[in-house]
Amino acid sequence: MPSSPNYAERRAKLRQAVFETKKPPGALLITSMANLYYLTGFTGSFGALLLTPNAERFLTGGIYATQAQYEVPDIQLVLNPTLKEFNETLAATAAELGVSVLGVESSTSVAGLKALRKAAHKAGIRVEPVGMPVDKLRRVKDGFEIARLRAAAALADVTFEHIQRLFQPEVAEWDIAMEIDFYIRRQEAYPAFDTIVVSGERTALPHGKPTERRLQKGDFVTLDFGAKLNGYCSDLTRTVVIGKASTEQRKLYYAVLEALQRSIDAIRPGKRGKQIDALARKVLDRHGLAEYFGHGLGHSLGILVHDGSGLSFRDKQPLEAGMVLTVEPGVYVPDFGGVRIEQDVLVTESGCEPLTHAPVDLLECEW
Ligand code: ZN
Ligand code: ZN
């Protein structure tokens, strides 16, 4: 395993995908921060990468002058003068490289595209969206990324273990959420998204925010959190019961667990995300619970916590080895409560391997 990612190799692959096509643009402009990080290692919040078939430029502002030299030492740096519009510097740099058609990521905002077009037009350059070539590359993770995703998943596991001492009556949802966030940050990581802790009937809110509500005996408690460690995210959900579970709670829990396990068993290269999603729905339907499963089965994980296509009715492309996905069936019954269980998995040549290892069996918490 190399000690740092081979950014130059990633850019070479991107070049091949973009410039070795029938009607390639003269250059490709990357401005999404996740894509910049993937292609260069830059961790700032503002910059751009300009690639032509045989030249590379990294552009940013004075605030990142030193950081860019340190993080992106292998690409010629262009610093935007303090009192100049960044788009003008971009257009001038592209013009210097002889570019007449500039390709941009299709995720560029309408306002961003309009401003860039205006500046490029003055420099005699046409701007055209060229799809999402970097996002496509990021679908399948390389060995370096998989190692980082494993570490982020392991941190989520130990965080869950750490938090269990708070599963007792009178502890507030908010305090559990704070302890999760504090623990993750103390391991030199960041919460990958706003931590969800909901209890009692509030577990029927799939994305509920923690409140001052205090846990009570007989509550379901759902926690959904993740760690962003060294640039890569994990995402873990567990639902526990404070004390003994009721018959209804057990029924709900084991239906969701069956949907989770059947889905994980079915994941392998060649299957389509939507097929796995449909399978989970079928399992829940047999338990009369499909109508309470109101979201997709899972998403890609990577630099972003929602890192692209995954396991939903929209995902028609075949899965590939090296994809890292969440599998997170859930049922949410209004005025009663809900259960979600979420695992992170790596698609392998023959199936998939769970990256999260916190137990999935129903946890009935004694204190
Ligand atoms: Zn989650
Ligand atoms: Zn998730």
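Residues numbered from 1 in each chain as written. Chains lettered and ligands numbered in written order. Predicted model: local features only at pLDDT ≥ 70, side-chain atom pairs only at ≥ 80, totals over all residues. Heavy atoms only, no water.

*Asks:* If you had to explain the coordination of the zinc ion (ligand 1) to someone new, which residues and values would you point to?
*Replies:* For the zinc ion (ligand 1), the full set of protein donor atoms is Asp-224 (OD), Asp-224 (OD), Asp-235 (OD) and Glu-342 (OE), and the range of their distances to it is 2.0 to 2.6 Å. Each of the four donor atoms bound to the zinc ion (ligand 1) contributes to angles spanning 55 to 146°, and the resulting shape is irregular. Ordering the donors of the zinc ion (ligand 1) by residue number gives the pattern D-x10-D-x106-E. In this structure the zinc ion (ligand 2) is found 3.1 Å away from the zinc ion (ligand 1), and Asp-235 serves as a bridging donor for the pair. A residue pair is termed long-range when its members are at least 10 positions apart, and Asp-224 in strand β9 (residues 220-225) and Glu-342 in the loop between β15 (337-340) and β16 (343-347) qualify at 118 residues. What makes Glu-342 buried here is its relative accessible area of 0%. (Donors = N, O, S within 2.8 Å, 3.2 Å for Na, K, Ca; no water. Tetrahedral: all angles 85-135°; square planar, octahedral: opposite > 155°, others 65-115°. Helix = DSSP H or I, 4+ residues; strand = E, 2+ residues; numbered from the N terminus. Buried < 20%, exposed > 50% of the residue type's maximum accessible area, 1.4 Å probe, protein only.)

*Asks:* Outline the pattern of salt bridges, supporting the account with residue identities and numerical values.
*Replies:* Throughout the structure, instances matching the rule amount to 19 salt bridges. Of the charged contacts in the structure, one is a salt bridge between Asp-142 and Arg-10, with a shortest N-O distance of 2.9 Å. Here Asp-142 is found in the loop between α6 (133-138) and α7 (143-163), whereas its partner Arg-10 is found in helix α1 (residues 7-19), with 132 residues between them in sequence. We classify Asp-142 as partly exposed; its relative accessible area is 28%. By relative accessible area, Arg-10 is classed as buried at 5%. The partner of Asp-74 in a salt bridge is Arg-11, and the shortest N-O contact between them spans 3.0 Å. A residue pair is termed long-range when its members are at least 10 positions apart, and Asp-74 in the loop between α3 (65-71) and β4 (76-80) and Arg-11 in helix α1 qualify at 63 residues. Looking at Asp-74, the relative accessible area reads 43%, which means it is partly exposed. By relative accessible area, which is 1% here, Arg-11 ends up buried. (Salt bridge = Lys/Arg side-chain N within 4 Å of Asp/Glu carboxyl O.)

*Asks:* Residue-level account of the coordination of the zinc ion (ligand 2), with values.
*Replies:* Looking at the metal site, the zinc ion (ligand 2) is ligated by Asp-235 (OD), His-299 (NE2), Glu-328 (OE) and Glu-342 (OE), spaced 2.1 to 2.2 Å from it. For the zinc ion (ligand 2), the four donor atoms are set out with angles of 77 to 153° between them, so the coordination reads as irregular. Sequence positions of the residues that donate to the zinc ion (ligand 2) give the spacing D-x63-H-x28-E-x13-E.

*Asks:* Could you give me a rundown of the packing of α1 against helix α2 (residues 33-40), with the residues and numbers involved?
*Replies:* Where α1 meets α2, the axes come as close as 7 Å, and the angle between the chain directions of the two elements is 115°. Contacts from Tyr-7, Arg-10, Arg-11 and Leu-14 of α1 reach α2 at Tyr-37, Tyr-38, Leu-39 and Thr-40. For the contact of α1 with α2, a count of residues per class yields five nonpolar, one polar and two charged. (Axes fitted to C-alpha atoms, helices over the stretch in contact; angles between N-to-C directions. Contact = heavy atoms within 4.5 Å. Nonpolar A, V, L, I, M, F, W, Y, C, P; charged D, E, K, R; others polar.)

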